[in-house]
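Per-entry structural report
Okay, here's what each chain looks like letter by letter:
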Amino acid sequence: MQAATLPQFGDANAFEMTEIPMPRPAAGQLLVRVKAAGINPVDYKTRSGKGQAQRFTLPAILGWDIAGQIVDAGVGAHKFIPGDRVFGLSRFPEPANAYAQFAVVQEQEFARIPDNISDNVAGGTPLAALTAWEALYDHAQLQTGQRILIHAAAGGVGHIAVQLAHNTGAYVIGTASAQNHAYLRELGVDECIDYHNVQFEKETAPVDVVLDAMGGDTALRSLDIIKPGGIMVSLPSMFKDDPQLLAKAREKGVRVQWMFVRPSGERMEHIANLMASGKLQVKVDAAYPLREVAKAHQALESHHIHGKVVLIP
Ligand SMILES: NC(=O)c1ccc[n+]([C@@H]2O[C@H](COP(=O)([O-])OP(=O)(O)OC[C@H]3O[C@@H](n4cnc5c(N)ncnc54)[C@H](OP(=O)(O)O)[C@@H]3O)[C@@H](O)[C@H]2O)c1
């Protein structure tokens, strides 16, 4: 089968298309024909030698988001049958070899793709949707009537988080470039802030929750608009435990929680149900054939993707 492999960590041109042996499913595993593999920022961070690179041996096959069709099942894997369409965040953060025509996945990390959802949309969903879910419900315990500020609201995690928050009955404020504001209002954002032209912390009344997809100065300034007792859930791990941020949070009486998303088939079922009923719409900004993986990585690294980028093996 064909796979996009990385002989060395490097820039987006480091990938090579290679012929490799088909994997075989062990107990509890499924062999899946990959229909779409979603790309996330952790993919290009890992490709460049950062992110989760220390977990890979070279040549490496990247990718964790998979939508595909089951071809075979290992002993004890009974949840699905060959032909079923499934999606999930595979083995994250361990290598999962999603940038290939076939992949072996853990059955318990996957769920059925609703009939009304395309392979491309399903492939772009798992990591971003699981992150938004964990941030809003496990960490922030977002409640109806609360105010939440979501940074990078038009991005992969952001555009899903705004829909979950809106469905929960929260008042949603999102930061994004002006050209995305109409789209974000359609998704349920109550107040859009153009972070290029205004200081978000001076534009809106205090909030209960911030979902921080940026870190650095954005995270620090976000603490100025969180109510005492409120929480900021922070995603970029490079800023984890930043002493300046923690000191300011203590002074303001707010909590800062870093998180690291985990795979879950059960969660994927909840997400699938929301997608099936139209309450969650995942947007695919661009889909590339696997051999154009370099272009796909460059697109995501532009930092102005709206929704998701997927690869089609
Ligand atoms: N810890 C975890 O478990 C975890 C999980 C998922 C993601 N993450 C991290 O979270 C971050 C976001 O991930 P993602 O997939 O959502 O990224 P993404 O899709 O690449 O984000 C792109 C978006 O960022 C927006 N943006 C760029 N600069 C901004 C700024 N200064 N203020 C507000 N928005 C800005 C852009 O908005 P405009 O085009 O509107 O300007 C664009 O829509 C990444 O660092 C990723 O690694 C961590």
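Residues numbered from 1 in each chain as written. Predicted model: local features only at pLDDT ≥ 70, side-chain atom pairs only at ≥ 80, totals over all residues. Heavy atoms only, no water.

Notes on the site of the ligand
Rules: Note on terminology: near, applied to a residue and a molecule or strand, indicates that one of the residue's heavy atoms is within 4 Å of it. Nitrogen and oxygen atoms within 3.5 Å of one another constitute a polar contact, given that in protein one can donate a hydrogen and the other can accept it, and given that sequence-neighbouring residues count only through two side-chain atoms. Note on areas: these come from Shrake-Rupley sampling with a 1.4 Å probe, and a residue is covered only by the protein chains present in the view. Within this scheme a cavity is a closed region of a 1 Å grid, computed over the protein atoms alone, that accommodates a 1.4 Å probe without allowing it to escape, whereas a pocket is open but has protein on both sides within 12 Å along at least five of seven lines; lining residues each have an atom within 4 Å of a point. Should more than half of a molecule's atoms lie within 2 Å of a pocket's or cavity's grid points, that molecule is taken to sit in it. We count a stretch as a helix when DSSP gives it H or I for four or more residues in a row; a strand needs E for two or more, and each element gets its number in order from the N terminus. Amino acid classes used here: Ala, Val, Leu, Ile, Met, Phe, Trp, Tyr, Cys and Pro are nonpolar; Asp, Glu, Lys and Arg are charged; the rest, including Gly, are polar. Marked domain ranges trace back to an automatic or database domain assignment.
Taken together, 25 residues sit near the ligand, with Lys-45, Ser-177, Asn-180, Tyr-195 and Met-259 positioned nearest. Between Ala-152 and the ligand, the recorded distance is 3.4 Å, taken from a backbone N or O atom to a nitrogen atom. At 2.7 Å from a nitrogen atom of the ligand is found a main-chain nitrogen or oxygen belonging to Met-259. In the complex, the protein chains occlude 89% of the 940 Å² of accessible area that the ligand would expose alone. Judged by its atoms lying within 2 Å of the grid points, the ligand is housed in the largest pocket. Those elements giving two or more residues to the shell around the ligand turn out to be helix 1 (41-47), helix 3 (126-139) and helix 4 (156-168). In terms of residue class, the shell around the ligand is made up of 15 nonpolar, 9 polar and 1 charged. Two domains each provide a minimum of three residues to the shell around the ligand, namely domain 1 (2-125 + 282-312) and domain 2 (128-258).

Quick word on the sheet that holds strand 12 (residues 226-234)
Our working rule: Following DSSP output, two strands are said to pair if at least two bridges run between them. Angles run from 0 to 180 degrees between N-to-C directions of axes, and those axes are lines fitted to C-alpha atoms, restricted for helices to the stretch in contact. Only heavy atoms matter for contacts: two residues are in contact if any of them lie within 4.5 Å across the pair.
Overall, parallel pairing links the 6 strands, which are arranged 10-9-8-11-12-13 in an open sheet. The strands lining the two open edges of the sheet, one partner per strand, are strand 10 (191-193) and strand 13 (255-258). Pairs of neighbouring strands in the sheet enclose a mean axial angle of 15°, with direction left out of account. Against the sheet, helix 4 engages strand 8 (147-150), strand 9 (171-175) and strand 11 (207-212), with an angle of about 170° to strand 8.

Some details on unusual backbone geometry
Between Leu-58 and Pro-59 the backbone carries a cis peptide bond, its omega angle lying at -5°. Between Phe-92 and Pro-93 the backbone carries a cis peptide bond, its omega angle lying at 5°. Residue placement: Pro-93 occurs in the loop between strand 5 (85-89) and strand 6 (102-106). Although it is not a glycine, Asn-97 sits at a positive phi angle of roughly 55°. The topology assignment puts Asn-97 in the loop between strand 5 and strand 6.

Focus: the domain arrangement of the protein
Operational definition: By buried area we mean how much accessible surface two parts lose on assembly, using a 1.4 Å probe and totalling the loss over both. Each salt bridge in this description consists of a side-chain nitrogen of Lys or Arg and a carboxyl oxygen of Asp or Glu lying within 4 Å of one another.
With domains assigned, the protein is organised as domain 1 (2-125 + 282-312) and domain 2 (128-258). Domain 1 and domain 2 are separated by 28 Å when their C-alpha centres are compared. With both sides pooled, the region where domain 1 packs onto domain 2 buries about 830 Å², and carbon together with sulfur makes up 56% of that total. Across the contact surface, domain 1 and domain 2 share 0 salt bridges. Counting the contacts that link domain 1 with domain 2 gives 6 residue pairs in polar contact (both at pLDDT 80 or more).

Considering the side chain of Ser-222
Convention followed: Burial here depends on accessible area, computed with a 1.4 Å probe over protein chains only, as a share of the maximum for the residue type. Under 20% is buried, over 50% is exposed, and the range in between is partly exposed.
Relative to the helices and strands, Ser-222 resides in helix 7 (residues 216-222). Judged by relative accessible area, which is 0%, Ser-222 ranks as buried. Within the structure, Ser-222 has its side chain in polar contact with the side chain of His-151 (distance 2.9 Å). Engagement of the side chain of Ser-222 in a polar contact is seen with the backbone oxygen of Thr-218, the distance being 2.6 Å. Discounting residues that sit within four places of it in the chain, Ser-222 has contacts with His-151, Phe-200, Val-210 and Met-232.

Some details on the packing of helix 3 against helix 9 (residues 265-276)
To be explicit about the condition: If an angle is under 35 degrees, it is roughly parallel; if it is over 145, roughly antiparallel; if it lies from 65 to 115, roughly perpendicular; otherwise it is oblique.
With their axes 10 Å apart at the nearest point, helix 3 and helix 9 run at an angle of 100° to one another. Taken together, the axes of helix 3 and helix 9 are roughly perpendicular relative to one another. Residue-level contacts link Pro-126, Ala-129, Leu-130, Trp-133, Glu-134 and Asp-138 of helix 3 to Arg-267, Met-268, His-270, Ile-271 and Leu-274 of helix 9. Each residue belonging to the contact of helix 3 with helix 9 can be placed in one class, and the counts come to 7 nonpolar, 1 polar and 3 charged.

Regarding the packing of helix 3 against helix 4
Inclusion rule: Two helices that cross are described as forming a left-handed crossing if the nearer one is turned anticlockwise from the farther one by less than a right angle, and a right-handed crossing if clockwise.
Following both chains from N to C, one finds helix 3 and helix 4 inclined at 45°, their axes separated by 8 Å at the closest point. The orientation of helix 3 relative to helix 4 falls into the category oblique. Of the two elements, helix 3 crosses helix 4, and the hand of that crossing is right-handed. Contacts between helix 3 and helix 4 involve Ala-128, Ala-129, Thr-131, Ala-132, Trp-133, Leu-136 and Tyr-137 from the former and Gly-156, Val-157, Ile-160, Ala-161, Leu-164, Ala-165 and Thr-168 from the latter.

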